[in-house]
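Each chain is listed here by its residues.
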Amino acid sequence: MKESITSVLREQRVIEPPKDFSLSAHISSFEEYEKLCRAAQDDPEGYWSKIAAELDWFEPWQKVLEWNYPYAKWFLGGRLNASYNCLDRHLTGWRKNKAAIIWEGEPGESRTLTYQQLHREVCRFANGLKRLGVSSGDRVAIYMPMVPELVIAVLACARIGAVHTVIFGGFAAHAIRDRINDAKAKVVVTADGGYRRGQEIQLKPNVDEALTNCPSVQSVVVFRRTGNQFITMHHGRDCWWHDLLSETDANCPAESLDSEHPLFILYTSGTTGKPKGVLHTTGGYLVGTTITSKWVFDLKDTDTFWCTADIGWITGHSYVVYGPLSNAATVVMYEGAPNWPQPDRFWQIVDKYSVSILYTAPTAIRAFMKWGDEWPSRHSLSSLRLLGTVGEPINPEAWMWYYNVIGKQRCPIVDTWWQTETGAIMLSPLPGATPTVPGSATKPLPGIVPDIVDKQGNSLPDNTGGYLVIRKPWPSMLRTLYGDDERYERQYWNEIPGVYFTGDGARRDERGYYWIMGRVDDVINVAGHRLSTMEIESALVSHPAVAEAAVVDRPDSITGQAIVAFVTLAAGFQPSSELQQDLKDHVCKEIGALARPQEIRFTEALPKTRSGKIMRRLLRDVARGEESLGDTSTLEDISVLARLRDEQE
Ligand code: WT7
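The rules behind these values
Residues numbered from 1 in each chain as written. Predicted model: local features only at pLDDT ≥ 70, side-chain atom pairs only at ≥ 80, totals over all residues. Heavy atoms only, no water. Axes fitted to C-alpha atoms, helices over the stretch in contact; angles between N-to-C directions. Helix = DSSP H or I, 4+ residues; strand = E, 2+ residues; numbered from the N terminus. Left-handed = near helix turned anticlockwise from the far one by under 90°. Contact = heavy atoms within 4.5 Å. Pairing = 2+ DSSP bridges. Salt bridge = Lys/Arg side-chain N within 4 Å of Asp/Glu carboxyl O. Buried < 20%, exposed > 50% of the residue type's maximum accessible area, 1.4 Å probe, protein only. Domains from an automatic or database assignment. Buried area = accessible area lost by both parts, 1.4 Å probe. Polar contact = N/O pair within 3.5 Å; in protein donor to acceptor, adjacent residues only side chain to side chain. Nonpolar A, V, L, I, M, F, W, Y, C, P; charged D, E, K, R; others polar. Near = heavy atom within 4 Å. Areas by Shrake-Rupley, 256 points an atom, 1.4 Å probe, with all protein chains shown as cover.

## Section: the packing of helix α18 (residues 533-541) against helix α19 (residues 577-590)
Argument step 1. Two numbers describe how α18 lies on α19: the axes approach to 9 Å, and their chain directions differ by 115°. In terms of crossing hand, the pair formed by α18 and α19 is right-handed. Where α18 abuts α19, its residues I536, A539 and L540 lie against L583, H586, V587 and E590.

## A closer look at the sheet that holds strand β25 (residues 514-519)
Argument step 1. Judged by pairing direction, the sheet is antiparallel, and its four strands sit side by side in the order β21-β22-β24-β25 without closing on themselves. For this open sheet the edge positions go to β21 (450-453) and β25, each flanked by a neighbour on one side alone. Each neighbouring strand pair of the sheet contributes to a mean axis angle of 45°, computed without reference to strand direction.
Argument step 2. The pairing of β21 with strand β22 (residues 466-470) spans four bridges and is antiparallel.

## Points about the sheet that holds strand β20 (residues 413-415)
Argument step 1. In space, the seven strands of this open sheet follow the order β5-β4-β17-β16-β18-β19-β20, with mixed pairing throughout. Each having just a single partner strand, β5 (110-114) and β20 make up the two edges of the open sheet. Geometrically, the sheet is characterised by an average inter-axis angle of 15° between neighbouring strands, direction not taken into account.
Argument step 2. As paired elements, strand β16 (residues 304-307) and strand β17 (residues 330-334) share three bridges and run parallel to each other. From the neighbouring strand, W306 faces β17, where its bridge partner is V332.
Argument step 3. Where helix α6 (residues 115-131) meets the sheet, its contacts fall on β4 (99-104) and β5, and the angle it forms with β5 comes to roughly 90°.
Argument step 4. Against the sheet, helix α7 (residues 148-160) contacts β4, β5 and β17, and its axis sits at roughly 30° relative to β5.

## Focus on the pattern of salt bridges
Argument step 1. In this structure the tally under the stated criterion is 37 salt bridges.
Argument step 2. In this structure, the salt-bridge partner of E335 is R225, at a minimum N-O distance of 2.8 Å. Here E335, found in the loop between β17 and α13 (345-353), pairs with R225, found in the loop between β11 (219-223) and β12 (238-240); they are 110 residues apart in sequence, far enough to count as distant. For the pair formed by E335 and R225, the shared burial category is buried.
Argument step 3. Between R601 and E599 there is a salt bridge, and its shortest N-O distance comes to 2.7 Å. We note that R601, like E599, is buried.
Argument step 4. Residues joined in a network through salt bridges with shared partners are K204, D208, R237 and D238.

## As for the domain arrangement of the protein chain
Argument step 1. When its domains are assigned, the protein chain resolves into domain 1 (19-453 + 478-496) and domain 2 (543-648).
Argument step 2. Averaged C-alpha coordinates put domain 1 and domain 2 at centres separated by 35 Å.
Argument step 3. Carbon and sulfur atoms make up 54% of the surface buried where domain 1 meets domain 2, a total of about 800 Å² over both sides.
Argument step 4. Summed over the three residues of domain 1 that lose the most area to domain 2, namely A172, H174 and R366, the buried surface amounts to 41% of that side.
Argument step 5. The interface formed by domain 1 and domain 2 includes zero salt bridges.
Argument step 6. Inspection of the region where domain 1 meets domain 2 yields five residue pairs in polar contact (both at pLDDT 80 or more).
Argument step 7. Within the residue set of the side of domain 1 that touches domain 2, elements represented by two or more residues are α8 (173-183) and α14 (362-371).
Argument step 8. Examining the composition of the side of domain 1 that touches domain 2, we find that four residues originate from one element, α14, more than from any other.
Argument step 9. Among the residues forming the side of domain 1 that touches domain 2, the class breakdown is seven nonpolar, three polar and four charged.

## Concerning the site of the ligand
Argument step 1. Neighbouring the ligand are 17 residues, the closest being D415, T416, T420, D504 and R530.
Argument step 2. Take E392: an N or O atom from its main chain is 3.3 Å from a nitrogen atom of the ligand.
Argument step 3. Surface burial for the ligand is 96%, taken as the share of its 550 Å² of free accessible area covered by protein chains.
Argument step 4. Going through the elements one at a time, α12 (314-326) and β25 are the ones with two or more residues in the shell around the ligand.
Argument step 5. Residue composition of the shell around the ligand, grouped by class: six nonpolar, six polar and five charged.

## Overview of unusual backbone geometry
Glycine aside, residues mostly have negative phi angles, and peptide bonds mostly take the trans form.
Argument step 1. Residues Y69 and P70 are joined by a peptide bond in cis, for which omega reads -5°.
Argument step 2. Here the amide bond leading from W340 into P341 is cis, since omega sits at -5°, within 30 degrees of zero.
Argument step 3. Locating P341 in the fold gives a position in the loop between β17 and α13.
Argument step 4. For D298, which is not a glycine, the phi torsion comes out positive at approximately 50°.
Argument step 5. Its place among the elements puts D298 in the loop between α11 (282-296) and β16.
Argument step 6. With phi around 50°, K408 is a residue other than glycine that occupies positive phi space.

The following block contains the structure:
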């Protein structure tokens, strides 16, 4: 981290929006952006009303905002439906036959669903859910590969007011079980499998294992993706997607739902082991994702938009599904890995479908850099007009590579900062308006009021590192943590009094540009995936050989951060490289491959303060050190260091 911070401190290149881009952009000058900011500042409720009016409402709202710190309600009394806004309202004119989703499977097949076709499938599946007894307010867990049926399931839930909770397909049984039980899901929608790096990924067996202890689940719907012969269907509980739909009709009116009706729960890692169920509601979330899709990505009817994120993450919810479809955009969706069968798969897809807007993560960009320029150079990238990045700080070197090699210096880059909790993009350039500086997410979108503060909440001067907070409520903010108001208050609103605390450190420079420095809590960001150190530690200690575990991050040139685990062994176990391997596999089994530690280090004791707190800072230093204190499979005597440090304190 230190190296990249120094380099961003020196970063001064300013890249103006290309003139021809600005000419036709939704927001076409910096003055226009500033005007919107002033309007939002002078009359926030009037500003958000005007934006909300871009959606179709069944009933108008009576009141824009009720702010009962720290609980917000937006567009009170208004009634709408997210699925209706993403589908039905596009069917009246020519967009009926516009491609909504262009999908490509990893093995190479492709499917296109027009808005009319997608609408029809969503209605049919919504009726299928009803047949299973799902009604408004019930929770439905969705654990699927990146296939159109995942979007169909999501929008079908929204259509009938069921609350979806999408579980990333890379999560293992234990993680699935925790999420299903926390949400008390009634139905699970899954697939027999999916494809990744040429392999068939097993999904149904993970669900079966998870469901050995999920009392709330009554039915499982299984979509046939791979034709896997070896899965078992549990009589009375499981049914095939195609069987469920065989008798459903395509008529399913969208329910008129209260603006604050819960839309989805999405679990994300916090500072403790237990994942947090971030709750988003209908009206505000849709307002936030619709307007940011339109402005930040400058979405037009002629665009082909590809956000490479999995729908299992918030980026996929907001910028594969709700935001772009609400704007009637054409969305590209790809099932598999970026380097399968070769490292040019992304560029092949951009070329094949004439993608005009590409939104991906710094970790992917750094991997492409490493694989070499010859891969993108094999394909025409001339359809691209805008590039986006999200998930972690982007180092200026990767930014410049993206700009030069992919964008050919023609395409503006939007570095978008936001979180699962914020629902939609908060800090970002507007591509036709904001001059960009590599490494900075630039400025807040109109109506968003961030600040850099100290622990007490006092604003800090320019160029001083501090905590990134948001001072005013915004429509797409999380409403609470599902079933845990107390944790919601404690995690986001009590740490720094009076404001929403993001968990990120940042600074603001003299031109008002924000520079994100990364998490300041016990959250690790590996390849743009958020993991809590405690979550990995509890997975490790559930292994019989482990007595205690401490997990820290270490900088990594591709994934941004990598996981290093320090482990003390239970009596009778000896350090060995087999055990290291075994522990890594165990974490994958418990959480999923995304949490696999890069390194396991055995130690005699963990360094602790006199009050018993693990001294992570010290471990982090050790993990970052070039030299290990010994061979990795042997014991490290960190207790010595700890004693030294402890004596100094
Ligand atoms: C954390 C949120 C919603 C985006 C996907 C991740 C980091 C996100 C940026 C960016 C620097 C970023 C922050 C944030 N982050 N975007 N453009 N520059 N850091 O969502 O899993 O909720 O993680 O990702 O640390 O707090 P998430």
